[in-house]
Amino acid sequence: MNDQWMIRGVQFLNCNCAWGCPCQFGARSTHGFCDGFGAGHIEEGYLNDTKLNGLSWILIAKYPGEIAEGNGRMQAIIDERADGAQREAMRKILRGESTTPGATHFYILTSMASEVLDALYAPIQVSIDVDARQATVKAEGLVEARGTPIIDAFSQKPVRAQINLPDGFEYTTAEMGTGTSKVTAGLSLELNDSYGQFSIIHMNQDGVIR
């Protein structure tokens, strides 16, 4: 592994678990299986000499049981604005290639998948405000998703909660929210008011940069 890469930006994730997601603590998932997707926007990034600034991605994953049990299926959607070199760089990062084993969630998710579908290239619109717990993601005809704060059932006011993982392989601190998503790509899923996660993403081939 000789590639050197880094990405810094924002990320939104929505999966079928209840708010808080037991998987974040090494517990069994809420429903015994995992359907989820993540979307991100790179503010600054590169793989070797290939700049990735301004590009967005979507990563879809489905596991019939717990992620650690494997047999997952995955597919990436990459910003169509990426040129040939950028597409290959994004593909390698999202598939966990050129990455220290176990160092990133990209590596772990792919290592637990038995099928990785070919990446799709499409116009992607991503807007993520981590502190406000707000996100919108759209890839025409493929993905439409929205993330919002959790609303307190009694006060009807937004609730703020965080998960802090000082040694996490995806983030150090993530804001909790709720997400609703519909995906009709090579993999399909539909989520309604389930676990939403908003975080800064800053990592390289060796893991999260803190």
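Residues numbered from 1 in each chain as written. Predicted model: local features only at pLDDT ≥ 70, side-chain atom pairs only at ≥ 80, totals over all residues. Heavy atoms only, no water.

**Here's the deal with the layout of surface pockets**
Okay, step 1: Quantified by volume, the largest pocket comes out at close to 710 Å³.
Okay, step 2: In this structure, the largest pocket is lined by 33 residues; those nearest its centre are Cys-23, Gln-24, Ile-67, Leu-109 and Phe-169.
Okay, step 3: No other element matches strand β2 (residues 34-47), which puts five residues into the lining of the largest pocket.
Okay, step 4: Taken together, the residues of the lining of the largest pocket break down into 22 nonpolar, seven polar and four charged. (1 Å grid on protein atoms, 1.4 Å probe; cavity = no way out; pocket = protein on both sides within 12 Å on 5 of 7 lines; lining within 4 Å. Points joined across faces, edges and corners; volume = space filled by probe spheres on them. Helix = DSSP H or I, 4+ residues; strand = E, 2+ residues; numbered from the N terminus. Nonpolar A, V, L, I, M, F, W, Y, C, P; charged D, E, K, R; others polar.)

**Overview of the nonpolar core**
The nonpolar side chains of a soluble globular protein tend to be buried, and buried together.
Okay, step 1: Core analysis: the biggest nonpolar cluster contains 25 residues, and Ile-7, Leu-52, Trp-57 and Phe-106 have the highest contact counts within it.
Okay, step 2: Breaking this core down by element, the ones donating at least two residues are β1 (5-15), β2, β4 (56-63), β5 (72-79), α1 (84-94), α2 (105-111) and β15 (188-204).
Okay, step 3: With 24 residues, the next largest nonpolar core counts Phe-12, Ile-58, Ile-124 and Ala-135 among its residues. (Core = buried A, V, L, I, M, F, W, Y, C linked by side-chain atoms within 4.5 Å. Buried < 20%, exposed > 50% of the residue type's maximum accessible area, 1.4 Å probe, protein only.)

**What about the environment of Ser-114?**
Okay, step 1: Mapping Ser-114 onto the fold places it in strand β6 (residues 113-116).
Okay, step 2: For the pair formed by Ser-114 and Met-74, sequence separation is 40 residues and the distance between their alpha carbons is 8.6 Å.
Okay, step 3: For Ser-114, the contacting residues outside a window of four places in its chain are Asn-71 and Gly-72. (Contact = heavy atoms within 4.5 Å.)

**Here's the deal with the side chain of Asn-16**
Okay, step 1: Locating Asn-16 in the fold gives a position in the loop between β1 and β2.
Okay, step 2: Asn-16 gets classed as buried once you look at its relative accessible area, which sits at 10%.
Okay, step 3: Excluding its chain neighbours within four sequence positions, the residues that come into contact with Asn-16 are His-31, Phe-33, Cys-34, Asp-35, Leu-191 and Ser-194.

**Observations regarding the packing of aromatic side chains**
Aromatic ring pairs are reported here in terms of the distance separating the ring centres and the angle at which the planes meet.
Okay, step 1: Evaluation of the coordinates by the stated rule reveals three aromatic pairs.
Okay, step 2: Residues Phe-12 and Phe-37 carry aromatic rings whose centres are separated by 6.2 Å and whose planes lie at 80 degrees to one another, so their mutual orientation is edge-to-face. Of the two residues, Phe-12 sits in strand β1 while Phe-37 sits in strand β2, which places them 25 residues apart along the sequence.
Okay, step 3: Of the residues examined, Phe-12 reaches a relative accessible area of 0% and is grouped as buried.
Okay, step 4: Among the residues examined, Phe-37 registers a relative accessible area of 2% and is labelled buried.
Okay, step 5: Clustering of aromatic rings is evident, with ring pairs tying together Phe-12, Phe-37 and Phe-198.
Okay, step 6: A cation sits over an aromatic face here: Arg-87 above Tyr-121, 4.2 Å from the ring centre. (Phe/Tyr/Trp six-rings, centres within 6.5 Å; stacked < 30°, edge-to-face > 60°. Lys NZ or Arg CZ within 6 Å of the ring centre and 35° of its normal.)

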